[in-house]
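Observations on the three-dimensional arrangement
Below are the chains, spelled out letter by letter.
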Amino acid sequence: AGDATGSAGTAYTAVSNEECTAAQQQLAQALGVDVSMGSAPAAFADLSGGTGESCQLSVTGTGAQFSNMPETAQRIADAFTAGGWTADTQYVADSPTGTIGGLRKDNQLAAYNVGWEPAAGVTCPDDQPISACADNLTPEQMNYTITVDLAQR
């Protein structure tokens, strides 16, 4: 852990299809929506420069399905911690349009990203922060994208 050399011995590989499918089902249950699993491994990089591939789960929806980013991120974290994962505090970060987090279990890493953007046709004024614009949008005017990368070393 913490090795940022990117050498072949510490490169990330995607978790097994079985493990990814189990996580997909847990997330679908926790979020109450369909969760897609990539048909091929996705390119992956951790926060310390390690690279490789992951099994990527993804969800898209609107604010009608997801009340807000922190609550949605907590539901993701809870789904994993129920399975024995522990939070990796270096992966905690928030912005007005995104929340990231990460969890670890043995040699595995689950890195998640919950983000939103205004729906097509919605214009947020350039002279105010995006958070002020968000306060004036209906849930259907907020498009959410959620990804969870599952990788192992």
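So, here's what we can say about the structure. (Residues numbered from 1 in each chain as written. Predicted model: local features only at pLDDT ≥ 70, side-chain atom pairs only at ≥ 80, totals over all residues. Heavy atoms only, no water.)

Side note on the state of the cysteines
Where two cysteines share a covalent bond between their sulfur atoms, that bond is called a disulfide. One pass over the structure, following the stated rule, counts 2 disulfides. Residue Cys20 pairs covalently with Cys55 via a disulfide, S to S 1.7 Å. What sets the handedness of the Cys20 and Cys55 disulfide is the S-S torsion sign, and at about -80 degrees it is left-handed. Pair noted here: Cys20 is in helix 1 (residues 17–31) and Cys55 is in strand 4 (residues 51–62), with a separation of 35 residues, a long-range link. Here Cys124 connects covalently by a disulfide to Cys133, the sulfurs 2.0 Å from one another. Between Cys124 and Cys133 the sulfur-sulfur dihedral comes to about -70 degrees; the bridge is accordingly left-handed. Per residue, the accessibility class of Cys124 equals that of Cys133, and both read buried. (Disulfide = S-S within 2.5 Å. Helix = DSSP H or I, 4+ residues; strand = E, 2+ residues; numbered from the N terminus. Buried < 20%, exposed > 50% of the residue type's maximum accessible area, 1.4 Å probe, protein only.)

Examining the side chain of Gln24
Structurally, Gln24 can be placed in helix 1. For Gln24, a relative accessible area of 18% corresponds to the buried category. Setting aside chain neighbours within four positions, we find Gln24 in contact with Val35, Ser36, Met37 and Leu57. (Contact = heavy atoms within 4.5 Å.)

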